[in-house]
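# Notes for the structure review
Each chain is listed here by its residues.
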Amino acid sequence: MRARIRQGLRSSTRQQGGRRRRAVSAAAAVAIGVMTLGALAPPSASAAAAARQDAVQQALNTLVRHDGMPAALASVQDRNGRTRTYTAGVGDLTTGSKVPRDGQVRIGSNTKAFTAVVVLQLVGEGKIGLDASVDTYLPGLVRGDGIDGRRITVRQLLQHTSGLPDYGIHLDDDEIRNRYFEPRELLDIALRYKADAAPGTTWGYSNTNYVLAGLIVQKVTGRPLAEEMDRRIIKRIGLRHTYFPAPGEMTIREPHPQGYHRNPADGPLRDFTESDPSAGWAAGQLISTNSDLNRFFTALLAGHLLPADQLAEMRTTVPAGTSGLRYGLGLTSRPLSCGGVYWGHGGDIAGYETRGGVTDDGRAANVAVTTIPTDEAATQHVKDAVDRALCG
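## Brief notes about the overall build of the chain
A count of helices and strands for the chain gives 14 helices and 15 strands. Taken over 392 residues, the chain has a buried fraction of 60%. Nonlocal contacts in the chain, meaning residues at least 24 apart in sequence, comprise 71% of its contacts between residues at least 6 apart.

This is how it looks when you write it as structure tokens:
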């Protein structure tokens, strides 16, 4: 997953050139613009709501027609909790099948927000200290060139200010597609390399931070991370289509669009739907839907998952790049064209990219595409789709 696992925040972690890809398969061309609406607006719905529907659909159509995405999916929730779902493109380039409405996708680095919530719940329970060192929980484990777990705090892990190198940039998608990784193996890969910076001195996105956060959860609770995440979040708020794949589980359980991948970036699209996600683990292994992500981030911001003090810590951010993005503790804020910000995370893993979040006044939107954009124009169009959905 070279340069892929780490891409929960593409705009801040990588700048890629490359021409926009307009070509799609014949099957995709036939089905371009397919739209599925979930809860249709009643006749009395405002013109603004109708305009937002049109804007979201147009944004998804752009991703398919102009950017070569096989499929694009969106779920949009208004302030009153009404949800609409949208699709464009085809679910399978070989068969030309329809895109499943609100289908399951691999959500990549959105997993980090779930991991951070579990850690912060344990902070609220007095079992983890945000400003305690990694060595407090994993003594002697984190050592390397310029790396010392006695000098790195749990807060710095969640905030990406630890200076730890990212194991993800040293993995190749094709090499790991069928390979299972233990979390300690991922850490060992990172520790072969020199620290990127001294702890607390700068922001730098690294999946290694969240592997360590997951290991701390397991050490403190004595239970697998997947079980804690399921008990503390997924079942608690009723995420019926979200799960942490079991070891060796390479398929996606429920209706889903096929995921496609280019490697190299200018190569052909290849079906990457079946893949071992263990190289993501606490940093990127979850499978979910756009609607479940909306439910998760809405519940989180409403205070249903964390005590007020821990939610405030999560929302305390530092600058992350030059696009207005800010990073808290597993939670990002991005500016909206209509004013204010939205809170979420985002993620990509070979085959899928997801972007979205919620506003403080209760709007929510998530967008998924079935291949990772390989140029900045397409990347921007995914972000534009979220902005249109939230701004109307």
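## As for the packing of aromatic side chains
For the structure shown, the criterion picks out five aromatic pairs. With a centroid separation of 3.8 Å and 10 degrees between ring planes, the pair formed by Phe114 and Phe296 is classed as stacked. Note that Phe114 is positioned in helix 4 (residues 111-124) and Phe296 in helix 12 (residues 290-301), a separation of 182 residues in sequence. Residue Phe114 shares its accessibility class with Phe296, and that shared class is buried. The structure contains a cluster of three or more aromatic residues connected by ring pairs, namely Phe114, Phe296 and Phe297. Residue placement shows Arg177 over the ring face of Phe272; its charged tip is 4.0 Å from the ring centre.

## Some thoughts on the state of the cysteines
Here the structure, examined in full by the defined rule, presents one disulfide. Disulfide partner of Cys338: Cys391, at an S-S distance of 2.1 Å. Note on the Cys338 and Cys391 pair: the S-S dihedral is about -75 degrees, so by sign convention the disulfide is left-handed. With Cys338 in the loop between strand 11 (332-335) and strand 12 (341-344) and Cys391 in helix 14 (residues 376-391), the pair connects residues that are 53 residues apart, well separated along the chain. Residue Cys338 is classed as partly exposed on the basis of its relative accessible area, which comes to 43%. Cys391 sits in the partly exposed class, given a relative accessible area of 25%.

## Some thoughts on the pattern of salt bridges
Side-chain pairs of opposite charge can arise where the charged atoms are in close proximity. Taken as a whole, this structure holds 19 salt bridges when the rule is applied. Salt-bridge contacts for Arg143 lead to Asp148; the nearest nitrogen and oxygen are separated by 3.4 Å. The partner of Asp174 in a salt bridge is Arg270, with the nearest N and O atoms 3.0 Å apart. A residue pair is termed long-range when its members are at least 10 positions apart, and Asp174 in helix 7 (residues 173-176) and Arg270 in strand 7 (residues 270-271) qualify at 96 residues. Accessibility expressed as a relative area gives 32% for Asp174, which makes it partly exposed.

## Overview of the environment of Pro257
Structurally, Pro257 is set in the loop between helix 10 (225-234) and strand 6 (260-261). Pro257 sits 157 residues away from Pro100 along the chain, and the two C-alpha atoms are 6.4 Å apart. Apart from residues lying up to four places away in sequence, Pro257 is in contact with Leu73, Gly91, Val99, Pro100, Gly103, Gln104, Val105, Tyr352 and Thr370.

## A word on helix 12
For helix 12, spanning 12 residues, the distance from its first C-alpha to its last is 17 Å, which sits close to the expected 16 Å at 1.5 Å a residue. Counted residue by residue, helix 12 has nine buried out of 12 residues, so it is predominantly covered. Count one or two residues on from helix 12 and you reach Gly303, which has phi positive near 85 degrees.

## A few points about the nonpolar core
One finds Phe114, Leu158, Leu212, Ile233, Phe296, Leu300 and Met314 to be the most contacted residues of the largest nonpolar core, which totals 82 residues. With nine residues, the single largest contributor to this core is helix 4. Aside from chain neighbours lying at most four places away, what touches Leu300 is Val117, Leu305, Leu306, Leu311, Met314 and Leu331.

Calculation rules
Residues numbered from 1 in each chain as written. Predicted model: local features only at pLDDT ≥ 70, side-chain atom pairs only at ≥ 80, totals over all residues. Heavy atoms only, no water. Helix = DSSP H or I, 4+ residues; strand = E, 2+ residues; numbered from the N terminus. Buried < 20%, exposed > 50% of the residue type's maximum accessible area, 1.4 Å probe, protein only. Contact = heavy atoms within 4.5 Å. Phe/Tyr/Trp six-rings, centres within 6.5 Å; stacked < 30°, edge-to-face > 60°. Lys NZ or Arg CZ within 6 Å of the ring centre and 35° of its normal. Disulfide = S-S within 2.5 Å. Salt bridge = Lys/Arg side-chain N within 4 Å of Asp/Glu carboxyl O. Expected span 1.5 Å × (residues − 1). Core = buried A, V, L, I, M, F, W, Y, C linked by side-chain atoms within 4.5 Å.

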